[in-house]
Amino acid sequence: MSAKGVRVIGAGLIGTSIALRLREVGWEVSISDRDNAAENLAKDLIGTTRAVESPNIVIVATPPNEVFPTLLAEEKSNPQATFIDVSSTKTKTQLEVQAFTELAKRFIGTHPIAGRELSGPQAARSDLFLGRAWILTPTRENSPERISAVESLIKELGATPYRMEPGEHDRLFARISHLPQLLSTSLALLVEGSGQGIELSGQGLREMLRLAGSSGELWSEILMTNSREVISAIKEVNALLSEIEDAISKGNSARII
């Protein structure tokens, strides 16, 4: 097994950015993607085409719905490796993994709090994770050695590891990430339907609409895999908006402040 070998599956923004950084700090890295064009571009950017034999860590950087099938497909060919994912929802995959005892021992969910509105390997940056938080959601099945190895990898990428439970993660990110995405998209649709040009708006609206440029296909998967918490967050914000609506209709300015 290579002292520092990693296999990245998924040559999008996150997967390619991980590979770029690890190459810079001396790791052996291989990357693959079902999209041949994305894979070839990522390999050109990283400067390597050689496969890493017996990697220490396999990083699954696919869309959420592909994470679990990829884990099952890769487990037997990497019998000693620790597996991590980088999806922004954790509970669904963790529950799927728990049904497979050996895989559960070797899988640790993670979520880098970094990204861009741009996507694909062409948007990758080796400094994407510098100074950013990176959450991991270990379970009792994971050995301290595997958890430590993942935290060391995160630090090599320039990020700071934080531990939390999968359910805690999904509750939190439904409110600080998934709901803001929905609000930005909803506001963009409202503005588009108003017939007014975006060029008339101030910087505040432009900032609020920034997230609406993200991949709709990816966000659809994210929202569906965390549907219970997202629906709960939507109900909470709807209740707050209803209170504001009621205060405005009754001319009660004190309730709005």
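Before reading on, note that the structure itself is shown above.
Residues numbered from 1 in each chain as written. Predicted model: local features only at pLDDT ≥ 70, side-chain atom pairs only at ≥ 80, totals over all residues. Heavy atoms only, no water.

## Considerations on the nonpolar core
Moving on, step 1. Ranked by size, the top nonpolar core spans 34 residues in total, and within it Ile 18, Ile 59 and Phe 129 carry the most contacts.
Moving on, step 2. Put simply, the parts of the chain that give this core at least two residues each are β1 (5–9), α1 (13–24), β2 (28–32), α2 (36–46), β3 (57–60), β6 (133–137) and α6 (144–156).
Moving on, step 3. The element that contributes the greatest number of residues to this core is α1, accounting for six residues.
Moving on, step 4. With near-sequence residues (within four places) excluded, Ile 18 lies in contact with Val 8, Ile 59, Val 86, Phe 129, Trp 134 and Leu 157.
Moving on, step 5. Residues Val 58, Val 60, Phe 68 and Val 97 belong to the second largest nonpolar core, which totals twelve residues. (Core = buried A, V, L, I, M, F, W, Y, C linked by side-chain atoms within 4.5 Å. Buried < 20%, exposed > 50% of the residue type's maximum accessible area, 1.4 Å probe, protein only. Helix = DSSP H or I, 4+ residues; strand = E, 2+ residues; numbered from the N terminus. Contact = heavy atoms within 4.5 Å.)

## Here's the deal with the pairing of strand β5 (residues 107–112)
Moving on, step 1. With six of its six residues buried, β5 lies for the most part within the structure.
Moving on, step 2. Here β5 shows two buried faces, one formed by Phe 107, Gly 109 and His 111 and the other by Ile 108, Thr 110 and Pro 112.
Moving on, step 3. Across four bridges, the pairing between β5 and β6 is antiparallel. By the bridge assignment for β6, His 111 is matched with Ile 135. (Pairing = 2+ DSSP bridges.)

## What to know about α6
Structural remark: α-helix, 3.6 residues per turn; residues separated by three or four positions point the same way.
Moving on, step 1. Taking 1.5 Å of rise per residue, 13 residues should cover 18 Å, and α6 covers 18 Å from first to last C-alpha, within 8% of that figure.
Moving on, step 2. Considered for burial, the residues of α6 that qualify are Ile 147, Val 150, Glu 151, Leu 153 and Ile 154. Taken end-on, α6 shows its buried residues confined to a sector of 155 degrees, consistent with a single buried face. In α6, the exposed positions that point more than 90 degrees away from the buried face belong to Pro 144, Glu 145 and Lys 155. (Expected span 1.5 Å × (residues − 1). Arc of directions from axis to C-beta.)

## Section: the sheet that holds strand β4 (residues 82–85)
Moving on, step 1. Read from one edge to the other, the open sheet built from seven strands follows the order β2-β1-β3-β4-β5-β6-β7, with strand pairing classed as mixed. Each end of this open sheet is capped by a strand with a single partner; those strands are β2 and β7 (160–163). On average, each strand axis in the sheet is inclined to that of its neighbour by 25 degrees, with strand direction left out of account.
Moving on, step 2. The pairing of β4 with β5 spans three bridges and is parallel. Counterpart to Ile 84 in the pairing with β5 is Ile 108.
Moving on, step 3. Here α6 sits on the sheet and contacts β3, β4, β5, β6 and β7; the angle it forms with β7, its principal contact strand, is near 145 degrees. (Axes fitted to C-alpha atoms, helices over the stretch in contact; angles between N-to-C directions.)

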